[in-house]
Amino acid sequence: MALGLANRSSVQVFIETTILIFIAVTALVGNFCVLYVFLKSPNLRQTTSYYHIALAISSAALTILVLPTAIGTAAIGGDYIGNQAGQVIGFIFTALILGSLYTISLISINRFFCVTKPLAYRKYFKYKFTILTICGIWIFCLLFITGVYVSGKGTFRFYPGRFLYLLSFEDLTTEKIFRAVFQVVFIIFPMCASIFCSSKVYRIVKNHNVRVAFSSNNEATRNTIQISRKEIRITKSLVALVSGFIFCWMPCTTIFHIAVYMNIPREVEVYSMYTALSSFAVNPILLNMFNRPFRMQFENIFFTLKARNEIGVQQGMTNG
């Protein structure tokens, strides 16, 4: 792997580095736009929004703190940061990855309760409860990684095929057990929870649309439907978010698990890394595309800023 990384052609270096730069720029711009919209739009700050904010913060942090290292490795063709810095980067990367995966599950669970159990949702999903669940899941991920690292069982080792330091074990048996546990706890479990919740929400949304189509013209009925529709609109982005989650992480985690049993070509490992990192760039795009209230607020804010800038430029030219 190290020789393959060091002996790439100029075309390979350019392509691999450019893809990483594109992912980093897209993720950084997209997640900062998400945070800016939520900052400027208090009316969007429902309980679900705080999960999206946490996801955007973790994605932006990964883009700023971790991706420059991967880009530098792809450009230079080797480990240039050293083992000590690699341990820090590896820890940050793993923590942000695990926290983000569980945050997506929290979004799915939140919308599940909102749509299927509205009374329980209004009772329990308050601001404090939302913040506690976010903090709780991140603390759990941090304690898991810290416990593995402090115990001396695992360390962060440079993976040339993935451009980064990742959690690894010296003993092959321990490595196999860890990857199996990792796959179940941090991939299969949150993915199954997300799929179950999103599929349930999707069925209810579908049935809701049928009821709307055949509803009477009664004013009270129309008002009830409108309120329900306002809540359900937010859940449309959930199916897209979970679909993006599966599309980005299934190849990565499958290859990650298989690699402990057999040698994987470097190109396959590079591909798996691209799919994993792409999830941090895709999430803001899916939120903007499938969440109509967010998209409308996004357009209002940025079109207004653009109009103000154009007016300012015109006034400056007139005064000049």
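These figures come from a predicted structure and were not determined experimentally.

## Quick notes on the overall build of the protein chain
1) Next: Looking only at helices and strands, the protein chain features 12 helices and 2 strands.
2) Next: Within the span of the protein chain, comprising 320 residues, buried residues form 45% of the whole.
3) Next: Considering only residue pairs separated by 6 or more positions, the protein chain has 78% of its internal contacts joining residues 24 or more positions apart.
4) Next: Counting only carbon and sulfur atoms, one obtains 68% of the accessible surface of the protein chain, whose full area is about 16,500 Å².

## Focus on the state of the cysteines
The term disulfide refers to a covalent linkage connecting the sulfur atoms of a pair of cysteines.
1) Next: Taken as a whole and judged by the stated rule, the model has 0 disulfides.
2) Next: The cysteine Cys 252 is free of any disulfide, with Cys 248 supplying the nearest cysteine sulfur at 9.7 Å.

## Structural notes on the pairing of strand E1 (residues 154-159)
1) Next: The pairing of E1 with strand E2 (residues 164-169) spans 6 bridges and is classified as antiparallel. For Arg 157, the partnering residue across the bridge sits in E2 and is Leu 166.
2) Next: The turn joining E1 and E2, which pair antiparallel and follow one another in sequence, is formed by 4 residues; a positive phi near 70 degrees is taken by Phe 163.

## Regarding unusual backbone geometry
1) Next: Phi angles above zero are rare outside glycine, and Phe 163 is one such case at about 70 degrees.
2) Next: Examined against the element boundaries, Phe 163 turns out to sit in the loop between E1 and E2.

## Examining the side chain of His 52
1) Next: Along the chain, His 52 turns up in helix H3 (residues 47-65).
2) Next: Assessed through its relative accessible area of 10%, His 52 is described here as buried.
3) Next: In contact with His 52, not counting residues within four places along its chain, are Phe 38, Ile 107, Leu 241 and Leu 287.

## Topic: the confidence of the model for the protein chain
1) Next: Scored by pLDDT, the protein chain comes out at a mean of 79, with 82% of its residues at no less than 70.
2) Next: When mean pLDDT is taken per element in the protein chain, helix H4 (residues 67-76) scores highest with 92 and helix H9 (residues 219-234) scores lowest with 51.

## Quick look at the pattern of salt bridges
1) Next: A complete count under the given rule lists 3 salt bridges for this structure.
2) Next: Arg 162 is paired through a salt bridge with Glu 269; the nearest N and O atoms lie 3.4 Å apart. Note that Arg 162 is positioned in the loop between E1 and E2 and Glu 269 in helix H11 (residues 266-290), a separation of 107 residues in sequence. Across this residue pair, the class does not change: Arg 162 and Glu 269 are buried.
3) Next: Each of Arg 8, Glu 16 and Arg 266 takes part in salt bridges that share partners, so that together they form one network.

Cut-offs and rules
Residues numbered from 1 in each chain as written. Predicted model: local features only at pLDDT ≥ 70, side-chain atom pairs only at ≥ 80, totals over all residues. Heavy atoms only, no water. Helix = DSSP H or I, 4+ residues; strand = E, 2+ residues; numbered from the N terminus. Buried < 20%, exposed > 50% of the residue type's maximum accessible area, 1.4 Å probe, protein only. Contact = heavy atoms within 4.5 Å. Areas by Shrake-Rupley, 256 points an atom, 1.4 Å probe, with all protein chains shown as cover. Disulfide = S-S within 2.5 Å. Pairing = 2+ DSSP bridges. pLDDT = per-residue confidence, 0-100. Salt bridge = Lys/Arg side-chain N within 4 Å of Asp/Glu carboxyl O.

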